[in-house]
Amino acid sequence: MKENIQKQLYTVVTSQAVSESGRFLYACSTFGDIASYNIEKITSCIENVNNEDISDPISVFKCPETPISLNVHRDFLIVGSKNGLIIGYKTTSGIIQHKSWNIQLPLSPEKIDISEVSDLWVDSENEFLYASCGSDIFQCSLDNGTVLNKFEGHEDFIQSIHGCEQNLVTASSDGTVKLWDNRTKKATFSIKPSENKEISRTQFGSWMGSASISKSWLSCGGGPKLAVFHLNQVTKQPFQVFDYPSSIHVTDFVDLDNLLVAGGSNRMVQYSLNGNMISDIETSGPAVYSVVWYKNQQYKFLSASGASNNIDVSINFTYKDATLNFYKKT
């Protein structure tokens, strides 16, 4: 019981992933566990004002490797760990069954000390997995698990990686955001937002915490403010700058036209591209490190996690509808 109370008080939920079917949510904590939730049941109970308890996970899996980042492909949960290790776990009905495969990224000896797989992005159409590890990006085949290419250019730890069609975007602690063409394996441009007076926030530093990309837009933030650039004019002035008050760990495009941001505060905010605030959701913890969302014809689901035992859920993307526990309350 003492251990469970300690976990409730001190856990940090670092990453989340939604299954390809949209039926299950996975989340990992700094204590090395991965929790699973039934999204269909959660959304149904909220919509029907059902009193059934939906706050606890359907299972908690003790991961032998330290989970840092999560993603999904088919019925596998992909876990990025320490020492450049990526593991694929077979799942059934949201329950982790067993380890099916792993990929060991080739790390340079001088980069062993920054070898966490910090983020993962899956190109399902082409069966590629992109992993940021230290200051490098690795392209891996999901067909046979081989490491195909390494993208080099950052000088410090990569905080996030995201992609759209042939483009990848990365945000790094070196203060830069780079756009990569995955066909040439080279950076097509690099910007340092802290050098722009309109974006810079010296009180938070120059590091970049997150970047995301759509077919036409790029968003980024960290120490500098949240900014959106049109892809045809990235090296010029930003299209829009937003006044999110804290450091930034999460940016994402929602429904293509809206931008979601969260970070070093208990506020998760959604903006339109022209700068209007659409929603401002108060979260359970003092900081947010992961936000995932999913929608189909039956339901919408969004969840935010971070420096808390709780995961906050919204089914209309406007206000908080429910709070989940990572570790059960005792």
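These figures come from a predicted structure and were not determined experimentally.

Asker: Kindly report on the pattern of salt bridges, identifying the contributing residues and their values.
Answerer: Following the criterion strictly, the structure yields 12 salt bridges and no others. A salt bridge links Glu-152 to Lys-150, with the shortest nitrogen-to-oxygen separation between them at 3.6 Å. Residue Lys-150 is classed as partly exposed on the basis of its relative accessible area, which comes to 31%. Residue Asp-255 is joined to Lys-295 by a salt bridge in which the shortest nitrogen-to-oxygen separation is 3.3 Å. In this pair, Asp-255 is assigned in the loop between β21 (248-254) and β22 (258-263) and Lys-295 in strand β25 (residues 288-295), connecting sequence segments 40 residues apart. One network of salt bridges, in which partners are shared, links Lys-7, Asp-33 and Lys-62.

Asker: I'd like a rundown of the pairing of strand β26 (residues 300-306), residues and numbers included.
Answerer: The side chains of a regular strand alternate between the sheet's two faces. For β26, the tally of buried residues reaches 6 of 7 residues, placing the bulk of the element in the interior. Bridge count between β25 and β26: 7 bridges; the pairing is antiparallel. By the bridge assignment, Val-288 is partnered in β26 with Gly-306. If you look at the hairpin formed by β25 and β26, you'll find 4 residues sitting between the two strands. Of the pairings in the sheet, the one linking β26 to strand β27 (residues 310-314) comprises 3 bridges and is antiparallel in character. Paired with Leu-302 across the bridge in β27 is Ser-314.

Asker: Any chance you could break down the sheet that holds strand β6 (residues 76-80) for me, citing the residues and the numbers?
Answerer: Ordered in space as β5-β6-β7-β8, the 4 strands form an open sheet in which the pairing is antiparallel. The sheet terminates laterally at β5 (69-73) and β8 (95-104), the two strands that pair on one side only. On average, each strand axis in the sheet is inclined to that of its neighbour by 25°, with strand direction left out of account. One ladder, built from 8 bridges, connects strand β7 (residues 85-92) with β8; its direction is antiparallel. Residue Lys-90 lies in a different strand from β8, and its bridge partner there is His-98.

The rules we used
- Residues numbered from 1 in each chain as written.
- Predicted model: local features only at pLDDT ≥ 70, side-chain atom pairs only at ≥ 80, totals over all residues.
- Heavy atoms only, no water.
- Salt bridge = Lys/Arg side-chain N within 4 Å of Asp/Glu carboxyl O.
- Buried < 20%, exposed > 50% of the residue type's maximum accessible area, 1.4 Å probe, protein only.
- Helix = DSSP H or I, 4+ residues; strand = E, 2+ residues; numbered from the N terminus.
- Pairing = 2+ DSSP bridges.
- Axes fitted to C-alpha atoms, helices over the stretch in contact; angles between N-to-C directions.

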